[in-house]
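Okay, here's what each chain looks like letter by letter:
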Amino acid sequence: MNPTDIDAAPAEAADPAEVSALLGPALAAPAGTLGQLRSGLAAAADASGDLDVAYRIVESPVGPLLLAATPLGLVRVAFAAEGHAAVLAQLAGRIGPRILEYPPRLEDAARELAEYFAGARTRFDIPLDRRLSKGFRRAVQERLPDIPYGHTASYSELAAAAGSPRAVRAVGSACATNPLPVVVPCHRVLRSDGGLGGYIGGTDAKTALLELERAA
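The residue count restarts for each chain, going from 1 along the sequence in the order it is written. Given that this is a predicted model, residues contribute local features only at a pLDDT of at least 70 and side-chain atom pairs are listed and counted only at 80 or more, while totals for whole chains, interfaces and linings are drawn from all residues. Each side-chain value is derived from all of the structure's non-hydrogen atoms; neither hydrogens nor water enter the calculation.

**Re the pattern of salt bridges**
It is possible for side chains of opposite charge to pair when their charged atoms get near one another. Applied cut-off: Any Lys or Arg side-chain nitrogen found within 4 Å of a carboxyl oxygen on Asp or Glu counts as a salt bridge. A helix here means a DSSP run of H or I that spans at least four residues, while a strand means a run of E at least two residues long, and both kinds are numbered starting from the N terminus. Only protein chains enter the calculation, and the probe is 1.4 Å; a residue is then buried if its accessible area is under 20% of its type maximum, exposed if over 50%, and partly exposed in between.
This structure, assessed with the given rule, holds 13 salt bridges. For R111, the salt bridge identified is with D108, shortest N-O distance 3.5 Å. Separated by 3 residues within a single helix, R111 and D108 lie in helix α4 (residues 107-117), roughly one turn from each other. Residue classification places D108 among the partly exposed positions, given a relative accessible area of 46%. Residues E142 and R138 are paired through a salt bridge, measuring 3.0 Å at the closest nitrogen-oxygen approach. With E142 and R138 both in helix α5 (residues 135-143) and 4 residues apart, the pair spans about one turn of that helix. With a relative accessible area of 38%, E142 lands in the partly exposed category. A single salt-bridge network, built from bridges that share partners, covers D108, R111, E112, E115, R121 and D125.

Here is the structure:
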């Protein structure tokens, strides 16, 4: 299963190689005059409603996280293992090609994540844009925040809570393709035997998140 294979295909296919080539250099923090120009361009695009997706990268105990938001809310959280440039290319195809690094749109998301990793936040309050998931996957993902902080649930328990007790594999797929890991806590879902199961950020990241919550 490819964890970045999220539900539907883009309405207008973007060439991932081209988008990645364009966005790859922008992943490095800009400096000087060029940085000011980029910041000004992004601010103007955001103010005029012409910025489809704003992104920034934040450091965390589980590695650098890509945060991406539309005007509706946080739409994507991505681990480095997923390939940040590849994720931005997917967003260009799924949502729109007007993607720029613009940290101000992600200020609240970055702050709440910092509070979470510091053990000072147990639930996220930022608006979410859930358009990347549909149907049963989305229904499962919307139930994930109901698993209390510091606790876990099994895939089978989550399937029953979602009204489809036999859909254990589908629940696993919903967790594996969760576009908002950490914020939507699929790391709290384990196998019935207590095993970790898979995780979009890798099992080391899943273990670290569970241990962080148990220690708080």
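From this point on, the discussion continues.
**Some words on the side chain of E112**
As a reminder of what qualifies: Residue contacts follow a heavy-atom distance rule, with two residues in contact if any of their heavy atoms lie within 4.5 Å.
Its location among the elements puts E112 in helix α4. Taking the relative accessible area as the measure of exposure, E112 reaches 4% and is therefore buried. Residues contacting E112, with those up to four places away along its chain left out, are R121, F124, D125 and I126.

**Thoughts on the state of the cysteines**
Worth spelling out the cut-off: By disulfide we mean two sulfur atoms from cysteines, separated by a distance within 2.5 Å.
Under the defined criterion, the tally for this structure stands at 0 disulfides. Here C175 stays unpaired: no disulfide links it, and the sulfur of C186, its closest cysteine neighbor, is 5.8 Å away. Using a relative accessible area of 6% as the deciding quantity, one classes C175 as buried. Residue class for C186 comes out buried when judged on its relative accessible area of 3%.

**Description of the environment of A170**
Residue position: A170 is located in helix α7 (residues 168-176). Considered as a pair, A170 and V140 are 30 residues apart in the sequence and their alpha carbons are 9.1 Å apart.

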